[in-house]
Each structure stands twice: as structure tokens, then as C-alpha cells.
Amino acid sequence: MINEIKAIARRHLAAEGANLSLRAVAREMGMVSSAIYRYFPSRDELLTALIIDGYHALGEAAETGDAEVTDRADLRGRWLAVCQAVRRWAVAHPAEYALLFGSPVPGYAAPQETTVAAVRTPATLIGILQDGFAAGTLVDPGPEELTGPVHADLAAARDQLFAGLPEALLARGALGWIHCFGAVSFELFGQLDGLIEAREEYFDHQMRQMADLIGLP
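Under the annotation held in an unreviewed UniProt entry, the protein chain carries the name Regulatory protein, tetR family and is attributed to Micromonospora phaseoli.

Listed below in C-alpha cells is the structure:
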């Protein structure tokens, strides 16, 4: 029953955006509205379930893309494979991507439990940097790339999530990660309409540029 509720809610996301109504979902299922509250006591709990599912699905796509590169020393190939997997998932699931990375849903505040699922994709990308640094393929760009406050923020993030990675290298990886999702968002939210038709090729071009910036050989 929970899976059916979420499947119908995803269809409503695709048709109407994040303005979900539990009553509308119940009507489509042929339930009285009070019955659905046994499974999801509020709209926010249903949104949270959809967000967690979305983050896990995206993370699984990213991890699968990385795992499919058999040469684990091919850092650039792994980076491009993960970024391409992110884009493919987003293009195939635009409504779910918009729920994760689009405009905030009015009146909804995501609980802490969503962050555990959200970290899977960036952790996959940062894992490529960790492997490269451990192997000596990637070097520390040096602290002079960062201002003091940014250095402190990244040091805290590194200590919490990405042990052993120099702050400046983490900063470059984060820049690539942000640009990856920015490029996907520009495509899905219509910012490239009338400008770029070769979407996949342009995305790959951008991700190669990011690989150069990060220092992936």
C-alpha cells in the first residue's frame, strides 16, 4: 500500500509539481481520505519519503556508474561515468529531480534523515578523489587556493565526512560536483532551450572541463 501511495504521488509530482495533496492521492486510489493518514499522517511525511527515495535512487545510479568503470585507476573515466549517470537519472526522472534540487516546497522543512540519503552521490564523487590522492595520482593543490573562512568550513566537512582529503582538493571536487548539478538543472529547467540542442555532448564537454580543473589525469 505504501509503495502504491508513493507511485501515485510521483505521478502527481510529474503533473502538478510538489503541491501534493493527500486527499487527491486517496481519491485516485479509491480510498476515503482518512484511510491514507494511517500510512502517511501528513503531506510532509509523504514528501520526506519521496525525497529519501529520490536521493537513494540517484545515489544508486551514481554508484553504479562508478562501479561500471573496471579500471579503478581511471579517475577521469570514473568521474565522467558518475556525472553521466547523474544526468541520465535526472532526464529520466525530471519531477523527482525537481523535488530534490528545484525550488523549496512552501511550508516544508526537510528533516535531518534526508541528509543521510543525500550524501550518497557526492560521496561517490569525492571517493574518486580520495582514491586518487591515496594512490598519489592527485596532489594537494595547497592551502593558498582557499581563504581562511572557506578553509575552515571545508576542514570541518572533511573531518566529518571525507577523512584524509586535503581541503583544497575537496574544494575542487565540490566545485565539480556543484557544476555537475548546475549543468543538469540548467538543462532540465529550460535554461538551454533555444541555445544548445546537443545536450548530452555539451554536458560531457562541461564535465571534461571540470575534470581538468580538478586535476584528473
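S.K.: What exactly am I supposed to notice about the nonpolar core here?
M.R.: Note that soluble globular proteins tend to have their nonpolar side chains buried in a common cluster. Counting 60 residues, the largest nonpolar core has Leu 46, Trp 79, Leu 129, Met 207 and Leu 216 as the members making the most contacts within it. Examining the composition of this core, we find that ten residues originate from one element, helix α4 (residues 43-67), more than from any other. When residues of this core are assigned to domains, at least three fall in each of domain 1 (1-41) and domain 2 (44-214). Contacts of Met 207, omitting those with residues within four sequence positions, involve Trp 79, Leu 80, Cys 83, His 179, Cys 180 and Ala 183.

S.K.: In this structure, what is going on with the environment of Ala 135? I would like to understand it.
M.R.: Mapped onto the fold, Ala 135 is located in helix α8 (residues 120-135). Along the sequence, Ala 135 and Ala 73 sit 62 residues apart, while their C-alpha atoms lie 8.5 Å from each other.

S.K.: What is the right way to read the UniProt feature "DNA-binding region" (unreviewed entry) in the protein chain from this model?
M.R.: UniProt annotation of "DNA-binding region" (unreviewed entry) refers to residues 21-40 when read in the numbering used here. For residues 21-40, the end-to-end C-alpha separation is 12 Å, with 60% helix and 0% strand making up the annotated structure.

S.K.: Where do I start with the packing of aromatic side chains in this structure?
M.R.: For any pair of aromatic rings, geometry is given as the distance between the ring centres together with the angle between the planes. The tally for this structure, following the rule as stated, stands at five aromatic pairs. Ring geometry for Tyr 97 and Phe 189: centres 6.1 Å apart, planes at 50°, overall tilted. Remark: Phe 189 occurs in the loop between α10 (167-188) and α11 (199-214) and Tyr 97 occurs in helix α6 (residues 94-101); sequence separation between them is 92 residues. The class of Phe 189 is partly exposed, set by a relative accessible area of 38%. Arranged with centres 4.8 Å apart and planes meeting at 40°, the rings of Phe 101 and Phe 181 form a pair that is tilted. Of the two residues, Phe 101 is situated in helix α6 and Phe 181 in helix α10; the sequence distance between them amounts to 80 residues.

S.K.: What is the right way to read helix α1 (residues 2-16) from this model?
M.R.: The periodicity of an α-helix, 3.6 residues per turn, causes residues three or four places apart in sequence to face the same way. Taking 1.5 Å of rise per residue, 15 residues should cover 21 Å, and α1 covers 20 Å from first to last C-alpha, within 8% of that figure. Looking at α1, one finds that the buried residues are Ile 5, Lys 6, Ile 8, Ala 9, His 12 and Leu 13. Take α1 and look down its axis: the buried residues cluster within an arc of 165°, on one side only. Turned more than 90 degrees off the buried face of α1, the exposed positions are Asn 3, Ala 14 and Ala 15.

S.K.: Please clarify how the side chain of His 12 should be interpreted in this entry.
M.R.: Locating His 12 in the fold gives a position in helix α1. Taking relative accessible area as the criterion, His 12 reaches 10% and is therefore assigned buried. Of note is the side chain of His 12, whose polar atom sits 2.8 Å from the side chain of Glu 28. In this structure His 12 touches Gly 17, Leu 20, Ala 24, Val 25 and Glu 28, once residues within four positions along its chain are discounted.

What counts, and at which threshold
- Residues numbered from 1 in each chain as written.
- Predicted model: local features only at pLDDT ≥ 70, side-chain atom pairs only at ≥ 80, totals over all residues.
- Heavy atoms only, no water.
- Core = buried A, V, L, I, M, F, W, Y, C linked by side-chain atoms within 4.5 Å.
- Buried < 20%, exposed > 50% of the residue type's maximum accessible area, 1.4 Å probe, protein only.
- Helix = DSSP H or I, 4+ residues; strand = E, 2+ residues; numbered from the N terminus.
- Domains from an automatic or database assignment.
- Contact = heavy atoms within 4.5 Å.
- UniProt positions renumbered as here; feature names shortened; annotations may be inferred.
- Phe/Tyr/Trp six-rings, centres within 6.5 Å; stacked < 30°, edge-to-face > 60°.
- Expected span 1.5 Å × (residues − 1).
- Arc of directions from axis to C-beta.
- Polar contact = N/O pair within 3.5 Å; in protein donor to acceptor, adjacent residues only side chain to side chain.

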